[in-house]
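Here's the letter readout for the chains.
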Amino acid sequence: QVQLVESGGGLVQPGGSLRLSCAASGSIFSINTMRWYRQPPGNQRELVARITSGGSTNYADSVKGRFTISRDSAKNTVYLQMNSLKPEDTAVYYCNADVRDTTISPYNYWGRGTQVTVSS
């Protein structure tokens, strides 16, 4: 009964910027940690960044200083601002969230992903 929908992916040149959004909807009681993962072609899915309900953040070493995760709790939305993009950032980016539904049951939800391609 909870859905995560990513948006904002696309094709950008190296050095460019892109902003991803993920909106959660449905029978939500609360959202705790929200995360962005990515899966490069032919590789395993990896954690890119995460943010807690209190605003604490963590980043993969490969994106530190270039990516910023943020959230708008009132909108149940998490963002990933990606700057100084590199070809190795090319991947399908997935939103993930720890959610309590309106029965107060805890679940982990995934979005279906959005493609980010960094190429000249």
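Remember, it's a predicted structure, so these values are computed and weren't measured experimentally.

Colleague: With reference to specific residues and values, describe the overall build of the chain.
Modeller: Looking only at helices and strands, the chain features 0 helices and 11 strands. Of the regular secondary structure in the chain, the N- to C-terminal order runs β-β-β-β-β-β-β-β-β-β-β. In terms of C-alpha radius of gyration, the chain reaches 14 Å, essentially the compact-globule figure of 14 Å for 120 residues. Expressed as lengths along the three principal axes of its C-alpha atoms, the size of the chain is roughly 50 × 25 × 25 Å. Contacts spanning at least 24 positions in sequence make up 55% of the contacts within the chain whose residues lie at least 6 apart. Carbon and sulfur atoms provide 45% of the accessible area of the chain, an area that totals close to 6,200 Å². The distance from the centre of the 12 positive side-chain charges to the centre of the 8 negative ones in the chain is 2 Å.

Colleague: Mind laying out the pattern of salt bridges, listing which residues take part and the relevant values?
Modeller: A full pass over the atoms with the stated rule returns 5 salt bridges. Here D89 makes a salt bridge to R38, at a shortest N to O gap of 2.9 Å. Placement of D89 in the loop between β8 (77-82) and β9 (91-101) and of R38 in strand β4 (residues 28-39) is noted, with a sequence separation of 51 residues between them. Looking at D89, the relative accessible area reads 0%, which means it is buried. Given a relative accessible area of 4%, R38 falls into the buried group. The network of salt bridges with shared partners includes R38, E46, R66 and D89.

Colleague: Can you explain the side chain of E6? Please cite residues and give values.
Modeller: Relative to the helices and strands, E6 resides in strand β1 (residues 2-7). Lacking a salt bridge, the buried E6 has R45 as its closest oppositely charged neighbour, with an N-O distance of 7.7 Å. Polar contacts involving the side chain of E6 include one to the main-chain amide nitrogen of C95, which spans 2.8 Å. A polar side-chain atom of E6 sits 3.0 Å from the main-chain amide nitrogen of G113. Among all residues touching E6, those that are not within four sequence positions of it are S21, C22, W36, Y93, Y94, C95, G111, R112, G113 and T114.

Colleague: Could you give me a rundown of the nonpolar core, with the residues and numbers involved?
Modeller: Membership of the largest hydrophobic core comes to 29 residues, with the highest contact counts inside it found for W36, L80, M82 and Y93. Contributions of two or more residues to this core are made by β1, β3 (18-26), β4, β5 (46-51), β7 (67-72), β8, β9 and β11 (114-118). Counting residues per element, this core draws most heavily on β9, at 5 residues. Ignoring anything within four residues of it in the chain, the contact list for Y93 reads E6, L20, W36, Y37, R38, V48, F67, L80, M82, G113, T114 and V116.

Colleague: Residue-level account of unusual backbone geometry, with values.
Modeller: A positive phi angle, close to 50°, is found at S84, a residue other than glycine. Inspection of the secondary structure puts S84 in the loop between β8 and β9. Not every positive phi belongs to a glycine, and I104 is a case in point at roughly 65°. Along the polypeptide, I104 turns up in the loop between β9 and β10 (106-110).

Cut-offs used in this document
Residues numbered from 1 in each chain as written. Predicted model: local features only at pLDDT ≥ 70, side-chain atom pairs only at ≥ 80, totals over all residues. Heavy atoms only, no water. Helix = DSSP H or I, 4+ residues; strand = E, 2+ residues; numbered from the N terminus. Rg over C-alpha atoms; globule rule 2.2 N^0.38 Å. Contact = heavy atoms within 4.5 Å. Areas by Shrake-Rupley, 256 points an atom, 1.4 Å probe, with all protein chains shown as cover. Lys, Arg positive; Asp, Glu negative; His and termini not counted. Charge placed at Lys NZ, Arg CZ, Asp CG, Glu CD. Salt bridge = Lys/Arg side-chain N within 4 Å of Asp/Glu carboxyl O. Buried < 20%, exposed > 50% of the residue type's maximum accessible area, 1.4 Å probe, protein only. Polar contact = N/O pair within 3.5 Å; in protein donor to acceptor, adjacent residues only side chain to side chain. Core = buried A, V, L, I, M, F, W, Y, C linked by side-chain atoms within 4.5 Å.

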